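# Fold and geometry: a report
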Amino acid sequence: MNNSFSVYKTVTAFLIIPFIVLWGGGGSFSEASQPEFYYFNPDSSQSNLGRLKHEMDSFFSQAGCAFTFQPFAHQVDLDRKLKEKPPAFLFAPDWYLQKYGGKFKLKGFLRPLRKGKSSYRKVLMVAKASDITPDDLEDNSLAMTSMGPGWANILNKIMFSAKGVNAGELDTVIVPKDSDAIIAVALGQVEMALVVKENLARINNPRIMNAVRPLIESAPIPMPVISYSKGAASPSDIQKLKEVFLDAGKKQMRAKIMEMLQIDEWQSISK
Amino acid sequence: MNGNPYQNKKDYRRFLNFGFLVIISGLLVLGAFVFPVYASGSVAILLTSDEEAYTRPAEVFMKEINMPVEIFNLHGDFKKHKKVMAEILSKKPSLIFASGAKAAYAAKVGTQSRQDIPVVFAKVLNWKKYKLRGQKNMAGVATLVAPGTQFANMTTVAPEVKRIGVIYSKAHSKEIIEDAKKAAMILGLELIAEPIARSKDMRRAYEKKLEGRIDALWIIADPVVYTPKNMDWLKRRSIRRKLVTVGQSENIVKLGVLLAVNADDSSIGSRAVSIAKRILVKKKKPKKIKVKAPIGTVTILNLNTAGKIGLKISQEIIDTINIVIKKK
C-alpha cells in the first residue's frame with residue numbers, strides 16, 4: 001500500500017507541477033510567443049507614439065497578425081531592447097539597418113514609398129537674418145534628429161563633403177523632432193537645423209517659418225525599412241506581413257496607418 | 001677569450017630587458033614634465049542618484065562624447081561628496097559632467113581649488129540658487145525650456161494667439177521675463193508681463209491688468225505667484241475666458257492647463273556633449289558658454305481643456321504632440 005501511495009504521489013507531482021508552471025508563467029509565455037514589431041523613426045513628424053501604438057495594434061488585429069507593436073522615441077531605448085532580444089520585425093531608418101543589421105541578423109524586406117519614391121531629402125535651414133552661406137558652413141552649430149553614431153559620415157555623404165566641410169567638426173545637438181530643430185534656429189539657439197523637406201510643410205506655424213529660410217537640399221536618403229530578424233521571425237509571419245502591406249485588396253485596411261506614417265505604398269526589397 | 005661580452009643568450013636578454021626598462025622610465029619621467037598632469041583624456045560623469053532623470057542624460061552623454069568615461073554616483077547622499085570628488089580628482093579627468101543638483105554642487109565645491117577642470121552640469125532646476133555660474137569652470141544645460149520654445153509650440157497648437165499674459169515676481173523671474181520679451185519679438189507676439197510681490201496680489205493683477213487684453217496665459221514656475229489656490233483660480237478663469245494656457249509640467253496639464261513643453265532628457269545629454277566639445281576641442285572657456293537652454297522637447301496636450309475653451313486642433317497637429325491627455 002505504501003508503494004502504491006508513493007507511486008500515486010509521484011504521478012500526481014508530474015501532472016501538477018507542469019500545470020503550475022504553465023499557469024504561473026502563462027502570461028509571460030503568451031507574451032513571449034507573440035512576435036514583436038519594433039518601430040523607430042526619428043524623421044517622421046508622427047510624435048504621438050501612444051496613438052500610433054493604438055492604431056497599429058488595431059491594424060494588426062484586424063489583419064489577423066498576432067504582433068506586439070512597440071514604438072521608440074529614442075535610439076538609446078531601442079538599442080537596449082535589441083541587445084536584450086531582437087524583435088521579429090523592425091521598422092527603422094536605413095542607416096540603422098546598415099549599422100546594426102549584421103549584429104542583430106536583420107534583413108530588410110519591405111520599403112515604403114512616398115509619392116512614388118523610395119527616398120526623401122533633408123533641408124539645411126538657417127535663420128532668415130543669418131549671414132551663413134552654402135560656402136561658409138564651418139564652425140556653426142547644428143540641431144538635427146538622430147542619425148546614429150555614423151552621423152558625420154552620413155552628413156558628409158549627403159551634403160557636407162560637397163561643400164568642403166567635415167560634418168564631424170560641427171557643433172551638433174540631437175533632438176527628438178524636426179520641429180525642435182526648426183524652433184531652435186528661429187529663436188537663435190543654434191545656427192542651423194537639418195530637417196526633412198516634407199516635414200517643413202507640416203510645421204504649420206508661420207511665426208516660426210517666417211523666421212527661417214532654406215539653405216541647401218541634401219542628396220536623396222533611402223526611406224526607412226521593415227526588416228525581420230533571422231531566428232525571431234517565422235517564415236509564415238514574414239509572409240503574413242508581406243501580404244498585409246503589399247496586397248492591393250487590403251489597401252483600405254491599411255489606409256489609416258499609412259496616412260499616420262506618411263507613406264503611400266510599400267515595395268518588396270529584392271536581394 | 002671571446003670578444004662578445006654576452007657569453008650566452010640569457011645574459012643578452014637580460015641586457016635588452018634592462019635597456020628597454022631604462023628607456024621607458026626615461027620617457028615616462030619626461031612625459032610628466034612635458035604634459036599637464038591633469039589632462040588624462042577621460043571624462044568623469046557624476047550622478048546625483050540612480051533616478052532616470054539623472055541617468056538618461058548621462059547615458060546619452062556617454063554615447064555621444066567619443067571619449068573614455070568613468071561614472072561616479074552620490075547615490076542621493078551629499079555627505080559622500082568629499083570622498084567621491086577626491087576619487088574623481090585622483091583620476092585626473094579632462095572634464096566632469098554632473099547630472100542633478102547634488103552632483104553639480106559637489107563638482108563645484110570639489111573643483112574650487114581645481115578650476116582648471118571644467119564642469120558641465122545638467123538637471124539642476126534652480127541652478128542660480130546654487131550659484132553654479134559663480135565659478136569660472138562651470139557651464140551647464142538648463143532644466144526648463146526657453147520661453148520662446150514654449151511660445152513657438154503654443155502658437156503651433158493655437159495659431160490665433162497674439163497676446164500672451166504672464167504674472168511674475170521680480171525676485172524670482174526677472175531674467176526669464178527678459179528672455180521672454182526677446183522671444184516674443186522674434187515670433188511677432190505681444191507679451192504683457194505684470195509683476196507682483198505677494199501671492200495674494202495675483203488675482204487683482206490678473207483682473208486689473210490682463211483681463212480682456214490677452215489670448216493666452218503663460219504659467220511660469222514662480223513660487224510667489226503660483227500657489228495651489230492661485231492655480232486653481234487661474235484654471236477656472238482661463239476656461240471661463242477661453243484662454244490658451246501653457247506651462248512646464250505634465251502635472252499641471254493633467255490638472256487642466258492646455259499645454260506643457262518640457263525638456264527632453266536625452267536631448268539634454270546631447271546639449272551637454274555639445275558644450276563639452278566646445279570646451280575640450282574648441283578650447284572655449286566655460287564661463288563664456290554660460291547656461292544653455294535645452295532644445296529637444298516633450299510636449300503634453302490636454303484635449304479635454306481644448307474642448308472646454310473651444311479650441312479646435314487638427315489631427316495632423318495633435319499627431320506632432322508627444323503625450324495627449326483625454327478622457328476616454
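Each value, and the rule that gives it
Residues numbered from 1 in each chain as written. Chains lettered and ligands numbered in written order. Predicted model: local features only at pLDDT ≥ 70, side-chain atom pairs only at ≥ 80, totals over all residues. Heavy atoms only, no water. Helix = DSSP H or I, 4+ residues; strand = E, 2+ residues; numbered from the N terminus. Buried < 20%, exposed > 50% of the residue type's maximum accessible area, 1.4 Å probe, protein only. Pairing = 2+ DSSP bridges. Phe/Tyr/Trp six-rings, centres within 6.5 Å; stacked < 30°, edge-to-face > 60°. Contact = heavy atoms within 4.5 Å. Buried area = accessible area lost by both parts, 1.4 Å probe. Salt bridge = Lys/Arg side-chain N within 4 Å of Asp/Glu carboxyl O. Polar contact = N/O pair within 3.5 Å; in protein donor to acceptor, adjacent residues only side chain to side chain. Nonpolar A, V, L, I, M, F, W, Y, C, P; charged D, E, K, R; others polar. Expected span 1.5 Å × (residues − 1). Arc of directions from axis to C-beta.

## Quick notes on the overall build of chain A
- Of the regular secondary structure elements, chain A holds 11 helices and 13 strands.
- Taken across its 271 residues, chain A has 52% of its residues classed as buried.

## Things to note about the pairing of strand 10 (residues 259-263) of chain B
All names here are of chain B.
- Of all five residues making up strand 10, four are buried, and the element is well covered by its neighbours.
- As judged from the five bridges shared by strand 10 and strand 12 (residues 297-302), these two strands associate in the antiparallel manner. Counterpart to Asn-262 in the pairing with strand 12 is Val-298.

## What about the packing of aromatic side chains?
Residue and element names in this part refer to chain B.
- Tallied over the entire structure, the rule returns 25 aromatic pairs over all chains.
- Aromatic pair Phe-61 and Phe-97: ring centres 4.4 Å apart, planes at 5 degrees, arrangement stacked. A residue pair is termed long-range when its members are at least 10 positions apart, and Phe-61 in helix 2 (residues 52-64) and Phe-97 in strand 3 (residues 95-99) qualify at 36 residues. Accessibility assignment for this pair places Phe-61 and Phe-97 in one class, buried.

## A short note on the interface of chain A and chain B
- Counting residues at the interface gives 32 residues for chain A, matched by 41 residues for chain B.
- Here chain A meets chain B over a buried area of about 3,000 Å², counting both sides, of which 46% is carbon and sulfur.
- Considering only the side of chain A, the residues that lose the most area to chain B are Leu187(A), Gln189(A) and Arg207(A), jointly responsible for 22% of the buried surface there.
- The salt bridge partner of Asp319(B) is Arg51(A), with a shortest N-O separation of 2.7 Å.
- In this structure, the connection of chain A to chain B is made through 23 residue pairs in polar contact (both at pLDDT 80 or more).
- Elements with a minimum of two residues in the side of chain A that touches chain B: helix 3 (49-62), helix 4 (75-84), strand 8 (171-174), helix 7 (178-186) and helix 9 (206-209) of chain A.
- Here the side of chain A that touches chain B is built from residues that sort into 12 nonpolar, nine polar and 11 charged.

## A closer look at helix 3 of chain A
- End to end, helix 3 of chain A covers 20 Å across 14 residues, agreeing with the expected 20 Å (1.5 Å per residue, within 8%).
- By the burial criterion, the buried members of helix 3 of chain A are Leu49(A), Arg51(A), Leu52(A), Glu55(A), Met56(A), Phe59(A) and Phe60(A). Axial view of helix 3 of chain A: buried residues confined to an arc of 160 degrees, hence all on one face. Away from its buried face, by an angle of more than 90 degrees, helix 3 of chain A presents the exposed residues His54(A), Ser61(A) and Gln62(A).
- Of the surrounding secondary structure, the elements contacted by the buried residues of helix 3 of chain A are strand 1 (36-40), strand 2 (68-72), helix 10 (235-246) and helix 11 (255-260) of chain A together with helix 13 (315-318) of chain B.
- Gly64(A), located one to two residues past helix 3 of chain A, shows a positive phi value of around 75 degrees.

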